[in-house]
Number of protein chains: 2
Amino acid sequence: MDKNLKRMATMQRMQVTGLRLFYTNGYYNTSIDDILKELSLSKGAFYYHFESKEDFFIQIIENLLVRKVYSMLIEPIEGHEHTLDLISNCFEDALETAVHNDLDYGFVLNNFINEFNGRNQKIMKHLNDILRVWEVNLVSAIQRGKFNGHIDRHVDAEGVAVFLMSAYMGVRTLMVENAPSARKYRFMSQLRHYFKSLEARTTPV
Amino acid sequence: MDKNLKRMATMQRMQVTGLRLFYTNGYYNTSIDDILKELSLSKGAFYYHFESKEDFFIQIIENLLVRKVYSMLIEPIEGHEHTLDLISNCFEDALETAVHNDLDYGFVLNNFINEFNGRNQKIMKHLNDILRVWEVNLVSAIQRGKFNGHIDRHVDAEGVAVFLMSAYMGVRTLMVENAPSARKYRFMSQLRHYFKSLEARTTPV
DNA sequence: TGTTAAACCGACCGCTAAGTCTTTTATGAA
DNA sequence: TTCATAAAAGACTTAGCGGTCGGTTTAACA
């Protein structure tokens, strides 16, 4: 195998396993050895490829987490159909995935923000960047909806974005452990109710 | 000083400092020695009063956390005035407190749930109990509002409660680090907008 | 004032974790 | 086949943690 390919493959394997364990047990509660044990690799292999545990995690964020959030929460609302439907379906899908995941520990980004907040400024910066991208995309989606005439033109796009992000992050935590399916259903009902109040009164053009 | 009083005083000091450090740095990132150092106490004193770190934390939950959540989020909505106004003011106050707290690390209950979820079933049970109390009180407040004629009788009280809890938990995380004041304002605007859509169409009796 | 038990001290133990360093193995180019 | 080097091994260092335990101080009370 090409050396560079082998290098990439090993690093990728480490990162994928690392993300899963960090998500499941928390960053500080997961040791490098835990990750290496699953892969039958050694300390030497790890520190050959990565500078430190922190560097390792930042690479995970850049390589895996960004894409994950993007594909689950941003890309699905980029279309040009009815914006509120797009967001509604996007949330519905994301929550449904969580419901069916026995190993669900909440919204990955939310969990890491909680863990690193006030403890590691460097990592927080990377996580906040992802949040900001999400926010920007939500805002422009809503503005698109206003432009298309689906959303009332008096609606505050930034406000709605903050409200949506809050609600989503919160419900993901709330769904962990206690009646995820019922809570998802109730949450989505109220979300749609809220969305109804944002719709333009007149028929869209 | 009475021995029993002294005992209580020491335990109280440990718990108060413990909660602050656990909240600030996380449970697993705070060592017993960190807490004892601040109080100029020794390991011996700690293990004389508490069985273990876990037992210590559970007592903190029971003695401090429950009351804290109760006084901030439950007691303020127990009145008999317009329910949605009560909740709105309650959230406003809680968020305003957070804005003015330089050492804000998010909603304390949310943070601990994230940290212990899937890692410590025993502690999670205690945390979930608090959530459930909050939920029950929100539901009954909303039902009271329906009964009083302020809230539309078609409104799903359980659904609104889940939605409110989600939104609050989420916005507290979102407010950490990034423009807390602006986000609070936007959040509250949308919350009031949402509340408007829950009001009874006819004038209340 | 002397007794007694509660309250507290702090050295110590066993363990785990991040990171280092020397050695070994695998691989591709010559 | 040889050789240089990438990749990986794994023993070791250092630090910090939860928890133990024998000893010391303190204060209420007879």
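For the structure itself, consult the block above.
In short, a report on the structure. (Residues numbered from 1 in each chain as written. Chains lettered and ligands numbered in written order. Predicted model: local features only at pLDDT ≥ 70, side-chain atom pairs only at ≥ 80, totals over all residues. Heavy atoms only, no water.)

Some points on the relation of the copies chain A and chain B
Next up, step 1: Superposition of chain A onto chain B requires a rotation of 180° combined with a translation of 0.0 Å along the rotation axis, giving an RMSD of 0.1 Å. What we have between these two chains is a two-fold relation.
Next up, step 2: A high fraction, 100%, of the interface residues of chain A reappear at the interface in chain B, so the copies pair face to face through one surface. (Least-squares fit on C-alpha atoms with pLDDT ≥ 70 in both. Contact = heavy atoms within 4.5 Å.)

Observations regarding the packing of helix α5 (residues 83-99) of chain A against helix α7 (residues 121-148) of chain A
The packing of two helices is summarised by the inter-axis angle and the distance between the axes.
Residues and elements named next belong to chain A.
Next up, step 1: Two elements in contact, α5 and α7, have axes separated by 8 Å at closest approach and are oriented at 145°. Residues Thr83, Ile87 and Phe91 of α5 form the contact with α7, whose participating residues are Trp134, Leu138, Ala141, Ile142, Arg144 and Gly145.
Next up, step 2: Looking at the contact of α5 with α7 residue by residue, the class counts come to six nonpolar, two polar and one charged. (Axes fitted to C-alpha atoms, helices over the stretch in contact; angles between N-to-C directions. Helix = DSSP H or I, 4+ residues; strand = E, 2+ residues; numbered from the N terminus. Nonpolar A, V, L, I, M, F, W, Y, C, P; charged D, E, K, R; others polar.)

Focus: the environment of B:Lys196
Next up, step 1: Within the element layout of this structure, B:Lys196 appears in helix α9 (residues 180-196).
Next up, step 2: Accessibility expressed as a relative area gives 60% for B:Lys196, which makes it exposed. (Buried < 20%, exposed > 50% of the residue type's maximum accessible area, 1.4 Å probe, protein only.)

Digging into the interface of chain A and chain B
Next up, step 1: Listed by partner, the interface residues are 47 residues for chain A and 47 residues for chain B.
Next up, step 2: Both faces combined, the contact of chain A with chain B buries some 4000 Å², and carbon together with sulfur accounts for 55% of it.
Next up, step 3: When the buried area of chain A at its contact with chain B is split by residue, A:Phe163, A:Leu174 and A:Gln190 rank highest and sum to 16% of it.
Next up, step 4: Between chain A and chain B we count two salt bridges in total.
Next up, step 5: As a salt-bridge pair, A:Glu135 and B:Arg183 come within 2.7 Å of each other at their nearest N and O atoms.
Next up, step 6: Linking chain A with chain B are twelve residue pairs in polar contact (both at pLDDT 80 or more).
Next up, step 7: Of all the elements in the fold, those that place two or more residues in the side of chain A that touches chain B are α1 (3-25), α6 (108-116), α7, α8 (157-175) and α9 (180-196) of chain A.
Next up, step 8: In terms of residue count, the dominant contributor to the side of chain A that touches chain B is α8(A) (13 residues).
Next up, step 9: Taken together, the residues of the side of chain A that touches chain B sort by class into 19 nonpolar, 19 polar and nine charged. (Buried area = accessible area lost by both parts, 1.4 Å probe. Salt bridge = Lys/Arg side-chain N within 4 Å of Asp/Glu carboxyl O. Polar contact = N/O pair within 3.5 Å; in protein donor to acceptor, adjacent residues only side chain to side chain.)

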